[in-house]
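Okay, here's what each chain looks like letter by letter:
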Amino acid sequence: MAEIELKTAPADFRFPTTNQTRHCFTRYIEFHRCVAAKGDESGDCGKFAQYYRSLCPGEWVEKWNEQRETGTFPGPL
């Protein structure tokens, strides 16, 4: 059986506290900006996807995805 390697986003000096809410939100935005700039097929955006998926609760991501689809997302994309 293959061994599973678990990873999370690397430490980011912009977010020194234990509360990772801003870190999560920023990584989500970075991913979607990357996809908008480079396209869905770009492998360069994969690291950002991994980062936000490891930091953000699934409920938040679902809500943000819905907001992006309806045009009500509060962040700068």
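Residues numbered from 1 in each chain as written. Predicted model: local features only at pLDDT ≥ 70, side-chain atom pairs only at ≥ 80, totals over all residues. Heavy atoms only, no water.

A. Representation of the nonpolar core. If you look at the biggest cluster of nonpolar residues, it comprises 16 residues, and the most contacted ones within it are Tyr28, Phe31, Tyr52, Cys56 and Trp64. Only helix H1 (21-38), helix H2 (46-55) and helix H3 (58-70) provide two or more residues apiece to this core. It is H1 that contributes the most residues to this core, six residues altogether. Residues contacting Trp64, with those up to four places away along its chain left out, are Cys24, Phe25, Tyr28, Cys56 and Phe73. (Core = buried A, V, L, I, M, F, W, Y, C linked by side-chain atoms within 4.5 Å. Buried < 20%, exposed > 50% of the residue type's maximum accessible area, 1.4 Å probe, protein only. Helix = DSSP H or I, 4+ residues; strand = E, 2+ residues; numbered from the N terminus. Contact = heavy atoms within 4.5 Å.)

B. Representation of H3 within the structure. Between the first and last C-alpha of H3 there are 19 Å, a value that for 13 residues agrees with the 18 Å anticipated at 1.5 Å per step. The set of residues buried in H3 consists of Val61, Trp64 and Gln67. The buried residues of H3 occupy one face: seen down the axis, they fall within an arc of 125 degrees. Exposed and oriented more than 90 degrees from the buried face of H3 are Glu59, Glu62, Glu66, Glu69 and Thr70. Contact partners of the buried residues in H3: H1 and H2. (Expected span 1.5 Å × (residues − 1). Arc of directions from axis to C-beta.)

C. Inspection of the state of the cysteines at higher detail. Summed over the entire model, instances satisfying the criterion amount to two disulfides. For Cys24, the disulfide goes to Cys56, at an S-S distance of 2.0 Å. Here the disulfide of Cys24 and Cys56 is right-handed, its torsion about the S-S bond being about 125 degrees. You can see Cys24 sitting in helix H1 and its partner Cys56 sitting in the loop between H2 and H3, a full 32 residues away along the chain. We note that Cys24, like Cys56, is buried. One disulfide in the model links Cys34 with Cys45; its S-S distance is 2.0 Å. Taking the sign of the S-S torsion, -85 degrees for the link of Cys34 and Cys45, the bridge is left-handed. A residue pair is termed long-range when its members are at least 10 positions apart, and Cys34 in helix H1 and Cys45 in the loop between H1 and H2 qualify at 11 residues. Each member of the pair, Cys34 together with Cys45, is buried. Disulfide connectivity for the protein, with bonded cysteines indexed by sequence position, reads 1-4, 2-3. (Disulfide = S-S within 2.5 Å.)

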